[in-house]
Structure formats: structure tokens, C-alpha cells
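Given next are the chains, with one letter for each unit.
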Amino acid sequence: MQLPLQITFRHMPPSEALEADIRKHAAKLDQVCENIMSCRVVVGPQHKHHRQGNLYQVKIDLTVPGTELAVSQDPGKNHAHEDAYVAVRDAFDSMRRELEDYVRRRKGKVKHHEPPPEGRISQLHPEQDYGMIETPDGREIYFHRNSVIDADFDRLEIGMRVIFCEEAGEQGPQASTVHVKGA
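Residues numbered from 1 in each chain as written. Predicted model: local features only at pLDDT ≥ 70, side-chain atom pairs only at ≥ 80, totals over all residues. Heavy atoms only, no water.

**Q** What should I look at first to understand the overall build of the protein chain in this one?
**A** Counting its secondary structure elements, the protein chain contains two helices and 10 strands. Its helices and strands taken in sequence order, the protein chain reads β-α-β-β-β-α-β-β-β-β-β-β from the N to the C terminus. Computed over the C-alpha atoms, the radius of gyration of the protein chain is 28 Å, more than 25% above the 16 Å expected from 2.2 N^0.38 for a compact globule of 183 residues. A principal-axis box enclosing the C-alpha atoms of the protein chain has dimensions of 80 × 40 × 30 Å. (Helix = DSSP H or I, 4+ residues; strand = E, 2+ residues; numbered from the N terminus. Rg over C-alpha atoms; globule rule 2.2 N^0.38 Å.)

In C-alpha cells form, the structure reads like this:
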């Protein structure tokens, strides 16, 4: 980290042991991303007046090049967070996942999903429960009445634009799902 780690205890006395635990977790974040600029951690009980143990809340703000990552570990009804060490561990686990996602995005290792293929309905045979889709490259893809999603097969018309998922069928390419574009 370029700036020293900042640890704040709210509505509770400072704890050297808890501070050492936070420093240990923060050091592990440096192994995930070496160019962390700053890290601020706030630990404290969520509410002061509980009949049983206080639930601890942990907030972590991390500054990295280009953005700031924040995690607020709200205990909700998680009674494991009656232990401040568990709350700190869970918050740093969440921050580690956020930081790993940030590193993947920076390296360009994010999955890019291909858009589904598009085409237009070129043939309809309602009496036999099928139709054909013509793709932009001129191929003909078979589809069955049951493949049509979010539309009524009987209301389809030749020329309608569709998106579809293609798979290999027994007699050639076929569409496993067909969505009318704009429907």
C-alpha cells in the first residue's frame, strides 16, 4: 500500500489484537493487487443496545488506480458477527473478491459473451409445426413450434426478425430457442 493503513474503532475501545488481525488481512490484499493506494477500515458494533451480544459491522474502503472499492459488511441477523474477528474476516473476504474482479477487468480477462445469432423467418408451416430462419449469411435454420419463446407460433409472420440459439439437429442445424426481436 502506498499510504499507511487507517483503522478506526467506532463505539468500542481500540484493540491491539483486532488491529493486528486487520493488518494481517490487509497485507493479504496486497498479494492480490500490488498497486493499492490506500485502505481504510472502520469496525464497530451495529447497535449499542442489545440484550445479547453486539453484532459488529465492518466497512472497508480501498483506493486503486482508476476507482475506489468499498465493502460494508452488514451483519443483518448473522450471529456469527457477534465476534468482531469473524466480521473482519467476512468483510476482507468480500473485499478480496471485489479486488480480484477489479484485477481481472484491468487485465482484460473478463468473459465476453457472443450475442445470439439473428435472422428472419423465411418459411412457416403451421400444419406441420415448424418454420425456417434465414441467417444473414444465407443459411436456413429449422425451428419447431415448441422452440418459440415469449410469442405465439400461430402469430408469427414471414419476415419477422428473430434471435435464436443454434444447435446441431438430426437433419442439420436447428434453433433450440427462438425469440421474436422486439417482443
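So that's the structure; there's more coming.
**Q** I would appreciate a short explanation of helix α1 (residues 16–32) in the present structure.
**A** An α-helix turns once per 3.6 residues; consequently, residues spaced three or four apart project the same way. Along its 17 residues, α1 runs 25 Å from first to last C-alpha, staying within 8% of the 24 Å computed at 1.5 Å per residue. Within α1, the full set of buried residues consists of L18, D21, I22, H25, A26 and L29. Viewed along the axis of α1, the buried residues span an arc of 135°, placing them on a single side of the element. Opposite the packed face of α1, turned more than 90 degrees from it, sit the exposed residues E16 and Q31. Those residues of α1 that are buried lie in contact with β1 (6–9), β2 (38–45), β3 (56–64) and α2 (84–107). (Expected span 1.5 Å × (residues − 1). Buried < 20%, exposed > 50% of the residue type's maximum accessible area, 1.4 Å probe, protein only. Arc of directions from axis to C-beta. Contact = heavy atoms within 4.5 Å.)

**Q** Looking at this structure, I do not really get unusual backbone geometry. What am I missing?
**A** Only a minority of non-glycine residues have a phi that is not negative, and only a minority of peptide bonds are not trans. The backbone phi angle of H11 is positive, close to 55°, even though this residue is not glycine. Within the fold, H11 resides in the loop between β1 and α1. The class of H11 is exposed, set by a relative accessible area of 55%. Its identity as a non-glycine residue notwithstanding, D129 has a phi of 60°, on the positive side. Along the chain, D129 falls in the loop between β5 (118–125) and β6 (130–134).

**Q** Help me out: how do you make sense of the side chain of T63 in this one?
**A** Mapped onto the fold, T63 is located in strand β3. Classification of T63 as buried rests on a relative accessible area of 17%.

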